[in-house]
Amino acid sequence: MADVRRHGSRARSAIFAPLSDVGRAGQVEQRLTGAIRSGVLAEGERLPSEPELAAMLGVAVVTVREALVGLRAQGLVTTSRGRGGGTFVAAGAAADEEALAERLGSMSRAELHDRGTQYLLVLAGCAELAAERADPGDAESLRTLLPDPEAAVGAWRHADAELWLSLAALTQSSRTTREVVRLEADFGMIVRIPLSDPDVRARTVTAQQRLIDAVEAGDADAARRCARTHLQATLDRVARTQAEVHDRHRMPRSAS
């Protein structure tokens, strides 16, 4: 498997930040599961070693070991021994289109609206603070996260999640960054359903470039407006997709 070593990035610093309640394997498993399902941790990526994970998360090595057992049982990671070994994100671990549609369809319109509102407000606030607090070189680092236009949909989703996590890290607030990690794990995969459409991907990269330009210029108002406009358009598209899913589920019952 590919060894994607990018653990020094701001997004990974957020994923592997210390847990609030030390000593609970369930929290480790939950955080890593969300990061894998949402595409923040990419297929084939090697996780830090057990001692490294324990130090990053502020838990005992035995706690990390127990969490990894749970991840392996879910088929989310694989572990190999020997030279070049380690624990890697398993192929196909990220949620596929069918699983995403099923998750979206299980939500009510009210739940989608509620979750989307929180997601938009938090991430737009992160964009605003990032523009105020970023160092001169941070914008260039953000640009390296923009995906190749020809990349697969999974790579686009991964890159988009990492961009928002990196913006959260630029707020210089560990509490805010942890909240964005939680939101990404819980809801990020739903927000990125529209990225399966090439037109949406084209509009997304344009919005990302504008947002990074605003961060680079230190223009907090422009960064917030750009983030809100882009995220609202995305959430509107998700809502339309949900309506289509609900309609498909109702059709067999009405036909009978």
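What counts, and where the lines are drawn
Each chain carries its own residue numbering, running from 1 in the direction its sequence is written. Only residues with pLDDT of at least 70 are given local features in this predicted model, and only at 80 or more are side-chain atom pairs given and counted; all residues enter the totals for whole chains, interfaces and linings. Side-chain measures were taken over the full set of non-hydrogen atoms in the model, leaving aside hydrogen atoms and water. Here a helix means four or more residues in a row that DSSP labels H or I, a strand means two or more in a row labelled E, and each is numbered from the N terminus. Burial classification: accessible surface area is computed with a 1.4 Å probe over protein chains only, and a residue below 20% of its type maximum counts as buried, one above 50% as exposed, and the rest as partly exposed. Between two residues, a contact is recorded if the distance between any of their heavy atoms is within 4.5 Å. All accessible areas in this document rest on Shrake-Rupley with a 1.4 Å probe, and a residue is counted as covered only by the protein chains that are shown. We call a set of buried residues a nonpolar core when its members are Ala, Val, Leu, Ile, Met, Phe, Trp, Tyr or Cys and they connect through side-chain atoms within 4.5 Å of each other. DSSP calls a pair of strands paired once it identifies at least 2 bridges connecting them. Every residue carries a pLDDT, the predictor's confidence in it, which falls somewhere between 0 and 100. Helix axes use the C-alpha atoms of the stretch in contact, all axes being lines fitted to C-alpha atoms, and the angles between their N-to-C directions lie in the range 0 to 180 degrees. For this classification, under 35 degrees means roughly parallel, over 145 means roughly antiparallel, 65 to 115 means roughly perpendicular, and everything else is oblique. Two helices that cross are described as forming a left-handed crossing if the nearer one is turned anticlockwise from the farther one by less than a right angle, and a right-handed crossing if clockwise. Polar here means any residue other than Ala, Val, Leu, Ile, Met, Phe, Trp, Tyr, Cys and Pro, which are nonpolar, and Asp, Glu, Lys and Arg, which are charged; Gly is therefore polar.

Caption draft 1: Geometry of the overall build of the chain. From N to C terminus, the chain includes eleven helices and two strands. The order of helices and strands in the chain, counted from the N terminus, is α-α-α-α-β-β-α-α-α-α-α-α-α. Per-residue burial over the chain gives 48% buried out of 256 residues. Intrachain contacts of the chain at a sequence separation of at least 6 include 76% that bridge at least 24 residues. For the chain, the computed accessible surface area is about 12500 Å², with 50% contributed by carbon and sulfur atoms.

Caption draft 2: Summary view of the nonpolar core. The biggest cluster of nonpolar side chains holds 62 residues, and the ones touching the most others in it are Leu41, Leu142, Leu167, Phe187 and Ile190. Those residues in contact with Phe187 that lie beyond four places of it in its chain are Met107, Leu112, Arg115, Gly116, Tyr119 and Leu235.

Caption draft 3: Seen up close, the pairing of strand β1 (residues 77–80). When β1 meets strand β2 (residues 86–89), the two strands line up antiparallel, connected through four bridges. The residue of β2 that forms the bridge with Thr79 is Thr87. Between β1 and β2, which pair antiparallel one after the other, the connecting turn spans five residues, and Gly82 there sits at a positive phi close to 85°.

Caption draft 4: A look at the confidence of the model for the chain. Looking at the chain as a whole, the pLDDT averages 86, with 88% of positions reaching at least 70. Predicted confidence in the chain is weakest over helix α1 (residues 10–15), with a mean pLDDT of 66, and strongest over helix α6 (residues 109–133), with 97. Every residue in residues 1–8 is under pLDDT 50, and counting partners more than four places away or in other chains gives 26 contacts.

Caption draft 5: Just the packing of helix α2 (residues 25–37) against helix α9 (residues 174–191), in detail. For the pair α2 and α9, interaxial distance at closest approach is 8 Å and the crossing angle is 55°. When the axis of α2 is compared with that of α9, the two are oblique. Of the two elements, α2 crosses α9, and the hand of that crossing is left-handed. Between α2, through Arg31, Gly34, Ala35 and Arg37, and α9, the contact on the second element is made entirely by Arg178, Val181, Ala185 and Met189. Here the contact of α2 with α9 is composed, by residue class, of four nonpolar, one polar and three charged.

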